Amino acid sequence: MINIGITGSSGFIGYHLYQTIKLNKEFNIIEFNREFFENSDQLEQFVSSCDVIVHLAGLNRHHSDHEIYNVNLGLVQKLINALEKTNSKPHVLISSSLQEERGNVYGNSKKESRILLSEWAKNNHATFSGLIIPNVFGPFGKPFYNSVVATFCHQISRYDQPILENDVPLKLIYVGELVNEIIELINNKDNTHYKIIPHTAEVRVSGILNLLLYFRESYQENGIIPKIKNSFELQLFNTYRCYMNLDNYFPRKYNVKLDERGIFVELSRSEISGQTSFSTTKPGITRGNHFHTRKIERFSVIKGKARIQLRRIGTDKVYQFFLDGNNPGYVDMPIWYTHNITNIGDDELLTIFWINEHYNPEDPDTFFEKV
């Protein structure tokens, strides 16, 4: 069992690293609170409990360059003081940025922070990994702070007008891919003082904007699963879905065609392949209570009454949607949202499930957690 502490676990990258590590039974999370930096006893107890520390805490943006520099260097110095005071020698990893090359205040603060920890590791014969990371995107990034992708997703899903200021090519990595890189370094105890994490996609800002506008028209406005050509587009689509306002969007009602023979309902239109299944559920029974990290999934109720619940992993808010087969509709499951469906009627519930990939028992991408 490896004890891992993450500073900045409530931030964008930290959230995804924290939640992914929780799924690995070989890892144990040592909880961290930002207030530890203001309490030397708590910080010392934290560092002495860790086999690995991933230092992600810091300040990306502020109206004062002076504040960015001082905060980022100050946090690292406090971490080093606690390590030296307790004679702790965990494997320390720190996230830095390609901004190091640009000589701005943020880039300088990250570079100097990395060098400080590198020198501590050399002087104390400890394992250290300094990661130079490209632009990171993915679900739950903070708009106007973490990335242009987060900002565009927020604006476009809410019909605000995005502004294309600099149409430059961006070197990008999906947050899940970055997390996998970090976990691999942890498992291999990689003692590299300077590692450039490779980008996995390179796209112009206008290309991102056009894809997101296409997702809005196809999916948000018409309920059609859009054409997805590669892993980057799947990652971007799943990211976009997580910025939509679920309260105001689901459930979606189907267009029911009625004649003397009965009714006809078109359940879904998709420009990609997938798998369709159905289930029957007895009154009072709940199915699900699991989440996915990459799959697109649609629940369509065509008979009976159902309650669908969703909760984003690591948060408390529960979304509830009610569907009735007399007025057929659907709810789609965003990634990193645990979800379930309950038969709340007196009769059998009939649900049809569509998912964008065939079920693979070797890689099910299904993690159980109660809503």
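Please refer to the structure higher up on the page.
So, here is what we can say about the structure in this document. Source: prediction; values computed, not measured. (Residues numbered from 1 in each chain as written. Predicted model: local features only at pLDDT ≥ 70, side-chain atom pairs only at ≥ 80, totals over all residues. Heavy atoms only, no water.)

A look at the pairing of strand S18 (residues 305-312)
The following threshold applies: Any two strands with at least two DSSP bridges between them are considered paired. A run of H or I in DSSP counts as a helix once it spans at least four residues, and a run of E counts as a strand once it spans at least two, with each numbered from the N terminus.
Sheet analysis places S18 next to strand S19 (residues 318-324), joined by seven bridges and oriented antiparallel. Bridging from a neighbouring strand, Lys-305 pairs with Asp-324 of S19. In terms of strand pairing, S18 meets strand S21 (residues 337-343) through seven bridges, oriented antiparallel. Paired with Leu-310 across the strands is His-339, a residue of S21.

With respect to the sheet that holds strand S11 (residues 252-253)
Taken in spatial order, the five strands make up an open sheet running S11-S20-S17-S22-S15, and their pairing is antiparallel. In this open sheet, the two strands that pair with only one neighbour each are S11 and strand S15 (275-281). When strand S17 (residues 297-303) meets strand S20 (residues 329-333), the two strands line up antiparallel, connected through five bridges. Within the sheet, the bridge partner assigned to Val-301 lies in S20 and is Gly-329.

Looking at the pattern of salt bridges
Quick note on the threshold: When a carboxyl oxygen of Asp or Glu is within 4 Å of a side-chain nitrogen of Lys or Arg, the pair counts as a salt bridge. Throughout, exposure labels follow a simple rule: accessible area from a 1.4 Å probe, protein chains only, divided by the maximum for the residue type, with under 20% read as buried, over 50% as exposed, and the rest as partly exposed.
Applying the stated rule across the entire model yields twelve salt bridges. Residue Arg-298 pairs with Asp-332 through a salt bridge whose shortest N-O separation is 2.8 Å. With Arg-298 in strand S17 and Asp-332 in strand S20, this pair connects stretches of sequence that are 34 residues apart. By relative accessible area, which is 0% here, Asp-332 ends up buried.

What to know about the environment of Gly-141
Condition: A contact between two residues is defined here by any heavy atoms of the two lying within 4.5 Å.
You can see Gly-141 is positioned in the loop between strand S6 (135-137) and helix H5 (148-157). Under the relative-accessibility criterion, Gly-141 is labelled buried at 5%. Measuring from C-alpha to C-alpha, the distance between Gly-141 and Cys-242 comes to 9.8 Å, with 101 residues separating the pair along the chain. Setting aside anything within four residues of it in sequence, one finds Gly-141 in contact with Phe-12, Asn-146, Ala-150 and Tyr-243.

Some points on the side chain of His-292
Turning to its location among the elements, His-292 is positioned in the loop between strand S16 (286-291) and S17. For His-292, a relative accessible area of 4% translates into the label buried. Other than its neighbours up to four places away in sequence, His-292 contacts Glu-297, Ile-335, Trp-336, His-339, Asp-365 and Thr-366.

Points about the state of the cysteines
To keep things clear, this is the line we draw: Any two cysteine sulfur atoms lying within 2.5 Å of each other are counted as a disulfide.
The full count for this structure, using the stated rule, is zero disulfides. With no disulfide partner, Cys-153 has as its closest neighbouring cysteine sulfur the one in Cys-242, 9.2 Å distant.

Some thoughts on the environment of Ile-173
With respect to the helices and strands, the residue Ile-173 is situated in strand S7 (residues 169-174). Along the backbone, Ile-173 and Pro-198 are 25 residues apart, and their C-alpha atoms lie at a distance of 7.8 Å. Filtering out sequence-adjacent residues up to four positions away, Ile-173 remains in contact with Ile-133, Pro-134, Asn-135, Val-136, Phe-137, Leu-178, Ile-197, Pro-198 and Thr-200.

Some points on the packing of aromatic side chains
In plain terms, the rule: Aromatic pairs are defined between Phe, Tyr and Trp rings, using the six-membered ring for Trp, whenever the two ring centres lie within 6.5 Å; interplanar angles under 30 degrees are classed as stacked, those over 60 as edge-to-face, and all others as tilted. Charges are assigned to positions over rings by a cutoff of 6 Å between ring centre and Lys NZ or Arg CZ, combined with an angular limit of 35 degrees from the ring normal.
Taken as a whole and assessed by the stated rule, the structure comprises 22 aromatic pairs. Aromatic pair Tyr-249 and Phe-250: ring centres 4.8 Å apart, planes at 85°, arrangement edge-to-face. Phe-250 gets classed as buried once you look at its relative accessible area, which sits at 7%. Ring geometry for Tyr-319 against Tyr-337: centres 6.3 Å apart, planes inclined by 55°, an arrangement best described as tilted. Separated by 18 residues along the polypeptide, Tyr-319 in strand S19 and Tyr-337 in strand S21 bring together distant segments of the chain. Above the face of the Tyr-145 ring, Lys-142 is positioned so that its terminal group lies 4.9 Å from the ring centre. Sitting over the face of the ring of Tyr-249, Arg-252 holds its NZ or CZ atom 4.1 Å from the ring centroid.

Some points on the sheet that holds strand S9 (residues 201-204)
So the rule is basically this: A fitted line through C-alpha atoms represents every axis, and for helices the fit uses only the stretch in contact; the resulting angles, taken between N-to-C directions, go from 0 to 180 degrees.
Pairing is mixed across the open sheet formed by three strands, whose spatial order is S6-S7-S9. A single partner strand is all that each edge strand has here, and the edge strands are S6 and S9. Taken pair by pair, the neighbouring strands of this sheet meet at an average axis angle of 45°, ignoring direction. One ladder, built from three bridges, connects S6 with S7; its direction is parallel. Bridge pairing links Phe-137 to Tyr-174 in S7. Helix H8 (residues 231-241) contacts S6, S7 and S9 of the sheet and is inclined by roughly 60° relative to S6.

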